[in-house]
Amino acid sequence: MPEQAEMISDAYNAYVRGTTGFNKLAARWNELGLRTARGSVWLDQSVRLYLDAGFPAGLLHVHNPEAVCGEPGKCRKMSHYTYAGAEHDAVIDDDVWDNYRDMRATRRVTPRRSLSPVYPLSGLIWCGYCGSRANTATGRQGPGTAYRCQVRSRRGVDHDPVWFPRTELEGHVYEWLLEVRDEIDAIAAGRVVTPPKPKGPDPESVRKRLTKEIERCTAAIDRAFDAYTLGDADRETYLRARAKHEKTRAKAQEELDALLQQDTRPTDPTPFRETILGLIDEWDTISVASKRVLLARLIARVQVWQGRRYEIIPVWTEKSIIDALPVWSARNAS
């Protein structure tokens, strides 16, 4: 039905923007009187499984016949499954599906506590002296109203105490978003010159193309296998088709592996324009969890020092590749 197709498309796009999660989608669908194929109410798990399955993208999530598995019919290992092209019409296009999978990957590597945060900067604040995380603590306004270096508070290191009002720091982050928005506008208008981009195709486009090529080859191998088992193709034809697609898939996988080892991080904020504008527009209405996910896509870390000094390090700067700052100790305290 057209209205259901629009609802599903909206669900994917809202999840990609970070403005909703599976719980809210389930509640919304239940309010509309929608039910699963089995007639049950929607739960967050069932929404997640439905969107992950890729059916609205014109795909089927099937067990890979080449996966070494004793019981394919009972297998629950996600690594044994692959996406195959189907005959039904897609509700969403390839870009929406790719962006959804990227967001799912981002959330999978986000610490669980940060997926259900109490504060939008949870897990992003670091002590500028010793490089340890700065957690929320009791401030003048009560519990959770300040950030402080917990290692220093436990006397684990010897440096100046670090304490920063939480809402004040969140305000600085919002002001930073406004500054970055203006910087993007200046770049677009030619008032700011950015480093020249490397010649050649966009790495992200190449990644998506290679990923689709791998999926296409896997689906072609599956179809050849089905034709062979159903008697529509002889063994020689099946083996020839499999060898052809395996060769193409192996080449694409080799190129993808090489690409993933390259530093393809953006060197300016332009690629993050839509995320930044969305955050600014919905800053006061977006959920804390969604705000935390979107901020983590922009900010590598926020460093704080004594005297309410801070530095916001975006993901598109060289500083963002720092894995850990030098640990301060009593031996190097002045």
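Our structure's up above, just so we're on the same page.
Overview of the structure. This one's a predicted model, so the numbers in the text were calculated from it and none came from an experiment.

Calculation rules
Residues numbered from 1 in each chain as written. Predicted model: local features only at pLDDT ≥ 70, side-chain atom pairs only at ≥ 80, totals over all residues. Heavy atoms only, no water. Helix = DSSP H or I, 4+ residues; strand = E, 2+ residues; numbered from the N terminus. Buried < 20%, exposed > 50% of the residue type's maximum accessible area, 1.4 Å probe, protein only. Areas by Shrake-Rupley, 256 points an atom, 1.4 Å probe, with all protein chains shown as cover. Pairing = 2+ DSSP bridges. Axes fitted to C-alpha atoms, helices over the stretch in contact; angles between N-to-C directions. Phe/Tyr/Trp six-rings, centres within 6.5 Å; stacked < 30°, edge-to-face > 60°. Lys NZ or Arg CZ within 6 Å of the ring centre and 35° of its normal. Core = buried A, V, L, I, M, F, W, Y, C linked by side-chain atoms within 4.5 Å. Contact = heavy atoms within 4.5 Å. Disulfide = S-S within 2.5 Å. Salt bridge = Lys/Arg side-chain N within 4 Å of Asp/Glu carboxyl O. Arc of directions from axis to C-beta. Parallel < 35°, antiparallel > 145°, perpendicular 65-115°, else oblique. Nonpolar A, V, L, I, M, F, W, Y, C, P; charged D, E, K, R; others polar. Left-handed = near helix turned anticlockwise from the far one by under 90°.

1. Comments concerning the overall build of the protein
Within the protein, the secondary structure is distributed over 11 helices and 8 strands. When burial is assessed residue by residue, the protein has 40% of its 334 residues classed as buried. Within the structure as shown, the protein displays about 20000 Å² of accessible surface, and the carbon and sulfur contribution to it stands at 51%.

2. A few points about unusual backbone geometry
In the Ramachandran plot, Arg 308 falls in the positive-phi region, its phi being about 60° despite a non-glycine side chain. In this structure, Arg 308 sits in the loop between strand S7 (299-305) and strand S8 (309-314). We classify Arg 308 as partly exposed; its relative accessible area is 39%.

3. Re the sheet that holds S7
The strand order across the open sheet formed by 3 strands is S3-S7-S8, and the pairing between neighbours is mixed. Of all strands in the sheet, those with a lone pairing partner are strand S3 (125-127) and S8, marking the two edges. Strand after strand, the sheet turns through a mean of 30° between neighbouring axes, direction not considered. When S7 meets S8, the two strands line up antiparallel, connected through 6 bridges. Paired with Val 302 across the two strands is Ile 312, which belongs to S8.

4. Comments concerning the packing of aromatic side chains
Any two aromatic rings considered together are summarised by their centre-to-centre distance and by the angle between their planes. Evaluated as defined, the whole model comprises 14 aromatic pairs. With 6.4 Å between their ring centres and 75° between their planes, Tyr 12 and Trp 97 make a pair best called edge-to-face. Note that Tyr 12 is positioned in helix H1 (residues 2-17) and Trp 97 in helix H4 (residues 94-108), a separation of 85 residues in sequence. The interplanar angle of 15° and the centroid separation of 4.9 Å between the aromatic rings of Tyr 15 and Phe 22 together place this pair among those described as stacked. Accessibility classification places Tyr 15 together with Phe 22 in one group, the buried group. Over the ring of Trp 126 we find Arg 301, and its NZ or CZ is 4.2 Å from the ring centre. A cation sits over an aromatic face here: Arg 309 above Trp 305, 4.2 Å from the ring centre.

5. What about the nonpolar core?
Of all hydrophobic cores here, the largest spans 58 residues; its most connected members are Leu 177, Leu 295 and Leu 298. The contacts of Leu 177, once residues within four sequence positions are left out, are Ile 276, Leu 279, Ile 280, Trp 283, Leu 295 and Leu 298. Grouped together as the second largest cluster of nonpolar side chains are 6 residues, Val 206, Leu 210, Ala 252 and Leu 259 included.

6. A look at the state of the cysteines
Scanning the model with the defined rule gives 0 disulfides in all. Sulfur of Cys 130: no disulfide; nearest cysteine sulfur belongs to Cys 149 and is 3.6 Å away.

7. Focus on the pattern of salt bridges
Across all of its chains, the model carries 12 salt bridges by this definition. One salt bridge in this structure joins Arg 166 and Glu 170, with 2.8 Å as the shortest N-O distance. Of this pair, Arg 166 and Glu 170 both sit in helix H7 (residues 166-189), 4 residues apart, roughly one helical turn. Exposure class is identical for Arg 166 and Glu 170. Each is buried. Look at the salt bridges and you will find they share partners, linking Asp 94, Asp 98 and Lys 212 into a network.

8. A short note on helix H3 (residues 44-52)
Along an α-helix, a turn takes 3.6 residues, which lines up residues three or four apart on a common side. Inspection of H3 places Val 47, Leu 51 and Asp 52 among the buried residues, and these make up the whole buried set. Viewed end-on, H3 has its buried residues packed into an arc of 125°, placing them on one side of the element. Just beyond H3, the residue with positive phi is Gly 54, at close to 80°.

9. Side note on the packing of helix H2 (residues 22-31) against H3
Remark: H2 packs on H3, axes separated minimally by 8 Å, with the N-to-C direction vectors making an angle of 100°. By the criterion of interaxial angle, the relationship of H2 to H3 is roughly perpendicular. Listed contacts from H3 to Phe 22, Asn 23, Leu 25, Ala 26 and Trp 29 of H2 are Asp 44, Val 47, Arg 48, Tyr 50 and Leu 51. The residue inventory of the contact of H2 with H3, partitioned by class, reads 7 nonpolar, 1 polar and 2 charged.

10. Brief notes about the side chain of Ser 132
Assignment of secondary structure puts Ser 132 in the loop between S3 and strand S4 (134-139). Ser 132 gets classed as buried once you look at its relative accessible area, which sits at 16%. Residues contacting Ser 132, with those up to four places away along its chain left out, are Trp 126, Cys 127, Cys 149 and Val 151.

11. A look at the packing of H7 against helix H10 (residues 273-281)
In contact at an axis separation of 10 Å, H7 and H10 are set at 140° when each is read in the N-to-C sense. Comparing the axis directions of H7 and H10 gives the class oblique. H7 and H10 meet at a crossing whose hand is left-handed. The segment H7 lies against H10, with Tyr 174, Leu 177, Leu 178, Val 180, Arg 181 and Ile 184 engaging Arg 273, Ile 276, Leu 277, Leu 279 and Ile 280. Residue composition of the contact of H7 with H10, grouped by class: 9 nonpolar, no polar and 2 charged.

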